[in-house]
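Residue strings, one per chain:
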Amino acid sequence: MNSTPLPPSPRGPHCPPAALLEAMSAGEAAPESTRVHVEGCPDCSGQLKALTAGSEAFMRARPPELFLRQVERRAASAPRPGLRRWLPLLGACVPVLALLVLVPRLVAQNGVREKGDGFRVVAARAGGAPELLGADAQVRPGDALRFAYEAPEAGHLLVLELDGRGAASVFYPYGAATSAPLGAGQREFLPGSVVLDDAPGPEWLLAVFSPRPLEAAPLLEALRTQAGRAEPTLSCPDCRVSTLRLQKRP
C-alpha cells in the first residue's frame, strides 16, 4: 500500500484543514477563530466559496427529500447491507469531495447507521462511483480508501491494517508511530487516503480510539502475531476497537 496525498492547496500553513472547509460548506458549525480566519484569508474564502457553490448545485439538482425517497425504495428492495447500494445513486451527479461531505450528513438525517460505532470506510475506484464499505465488501489492488470516525468525545485515533500476508501497517495517520487527535462528534472524512497493494486474501481494518495518545508499535506487533486467525483482536486500557474485514480480489 502507499499513501495518496490530497490535491495540493494554495492555502498557507496557518490555514485550517481542508476537511474543515468541506464541513463548513455543508453547513457544519466551525469555531469562531476559524470563521474569522476564513473571512480574512482570500485563499480560504475562495476555496470555501467554490465548495459551497458545488454543494448548493448538488442540493438543487437532488433535493434531500427526493434523494431519501430514492434510498428508501432501493433499500426496501435490496438485501443487507443496504448502505453499500446507496452510492451509485450519487456517482453520476456529484464530485467525490462533495460526496464525502454529504453522505454522512444524509445518513444521520435519515436515522440510518451501520451496525457498530462511527467507523466508516469509503473506497474510490477508477471509473466507478465511491462505495461505502460494509463487512466482507470486495476490494481490489489499486482501490483508494478514506476513513471517517465519529467519536462520542475528544480523544485519539489509529486505523491499523492486517493484510493477507500477515503484514501490519498504520493506515491513519498514514505510517505514523502515534495516534492522531480527534475532536468529539467529528463527521467529516479524515484527511488523506491509502491505496491498497496486491497482497491477497482478507484485509482487516481496525480503528482504535482512546482518550489518551496511543503508540502504534505494540498494537502492530499484536496484530502480526495473529496473522491467519479467524478474527484478530486488540485491547488496550479504555480503548474502543472497531473491526472491518474486507475481501480483496485480484
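What you see is a predicted model; the values in this text were computed from it and never measured. (Residues numbered from 1 in each chain as written. Predicted model: local features only at pLDDT ≥ 70, side-chain atom pairs only at ≥ 80, totals over all residues. Heavy atoms only, no water.)

What to know about the overall build of the chain
Along the chain, the regular secondary structure elements total 7 helices and 11 strands. Burial analysis of the chain (250 residues in total) assigns 45% to the buried set. For the chain, the computed accessible surface area is about 12,300 Å², with 55% contributed by carbon and sulfur atoms. (Helix = DSSP H or I, 4+ residues; strand = E, 2+ residues; numbered from the N terminus. Buried < 20%, exposed > 50% of the residue type's maximum accessible area, 1.4 Å probe, protein only. Areas by Shrake-Rupley, 256 points an atom, 1.4 Å probe, with all protein chains shown as cover.)

Comments concerning the pattern of salt bridges
The full count for this structure, using the stated rule, is 7 salt bridges. Arg 35 is the salt-bridge partner of Glu 32, the closest N and O atoms lying 2.3 Å from each other. Here Glu 32 and its partner Arg 35 are both found in helix H2 (residues 32-40), 3 residues apart, which amounts to about one turn of the helix. In this structure Glu 32 comes out as partly exposed when scored by relative accessible area, which is 48%. Among the ionic pairs, Asp 198 bridges to Arg 165, the shortest N-O distance being 3.4 Å. Residue Asp 198 is found in the loop between strand S9 (193-195) and strand S10 (201-210), and its partner Arg 165 is found in the loop between strand S6 (155-162) and strand S7 (168-172); the two are separated by 33 residues along the sequence. (Salt bridge = Lys/Arg side-chain N within 4 Å of Asp/Glu carboxyl O.)

Some remarks on the pairing of S7
A large share of S7 lies buried, amounting to 5 of its 5 residues. The hairpin turn running from S6 into S7, its antiparallel successor, is 5 residues long, and Gly 166 in that turn takes a positive phi close to 90°. (Pairing = 2+ DSSP bridges.)

Here we look at the state of the cysteines
Overall, the coordinates contain 1 disulfide when judged by the stated rule. The thiol of Cys 41 is not disulfide-bonded; the next cysteine sulfur, from Cys 44, is found 3.7 Å away. No disulfide involves Cys 44; its sulfur sits 3.5 Å from the nearest other cysteine sulfur, which is in Cys 15. You can call Cys 44 buried: its relative accessible area is 0%. (Disulfide = S-S within 2.5 Å.)

Considerations on the confidence of the model for the chain
Residues with a pLDDT of 70 or more make up 67% of the chain, whose mean pLDDT is 75. Counting contacts from residues 1-9, a segment whose pLDDT is below 50, to residues more than four positions away or on other chains yields 20 contacts. The low-confidence segment residues 78-116 (pLDDT under 50) makes 73 contacts with residues lying over four places distant or belonging to another chain. (pLDDT = per-residue confidence, 0-100. Contact = heavy atoms within 4.5 Å.)

Focus on the environment of Leu 220
Here Leu 220 shows up in helix H7 (residues 216-224). Under the relative-accessibility criterion, Leu 220 is labelled buried at 10%. Between the alpha carbons of Leu 220 and Val 170 there is a distance of 7.9 Å; along the sequence they are 50 residues apart. Not counting chain neighbours up to four residues away, the residues in contact with Leu 220 comprise Leu 160, Ala 168, Ser 169 and Val 170.

A look at the pairing of strand S5 (residues 144-150)
Most of S5 is tucked away: 6 of the 7 residues are buried. Pairing of S5 with S9 involves 2 bridges; the strand directions are antiparallel. Bridging from a neighbouring strand, Ala 144 pairs with Val 195 of S9.

Digging into the packing of aromatic side chains
Per the counting criterion, the structure on display carries 4 aromatic pairs. For the pair Phe 119 and Phe 147, a centre-to-centre distance of 6.3 Å together with 20° between the ring planes defines the contact as stacked. Of the two residues, Phe 119 is situated in strand S2 (residues 118-124) and Phe 147 in strand S5; the sequence distance between them amounts to 28 residues. For the residue pair Phe 119 and Phe 147, the accessibility class agrees, reading buried in each case. Between Phe 119 and Tyr 149 the ring centres are 6.5 Å apart and the planes differ by 45°, which places this aromatic pair in the tilted class. (Phe/Tyr/Trp six-rings, centres within 6.5 Å; stacked < 30°, edge-to-face > 60°.)

So, the nonpolar core
Formed by 24 residues in total, the largest nonpolar core has its most connected members in Phe 119, Leu 145, Phe 147, Leu 157 and Leu 205. Listed by contribution, the elements that provide at least two residues to this core are S2, strand S4 (137-139), S5, S6, S7, strand S8 (180-182), S10 and strand S11 (240-248). Residue contacts for Leu 145: discarding those within four places in its chain leaves Val 121, Val 122, Ala 123, Leu 133, Ser 193, Val 194, Leu 196, Leu 205 and Leu 246. Listed in part, the 15 residues of the second largest apolar core include Val 170, Val 208, Leu 223 and Cys 239. (Core = buried A, V, L, I, M, F, W, Y, C linked by side-chain atoms within 4.5 Å.)

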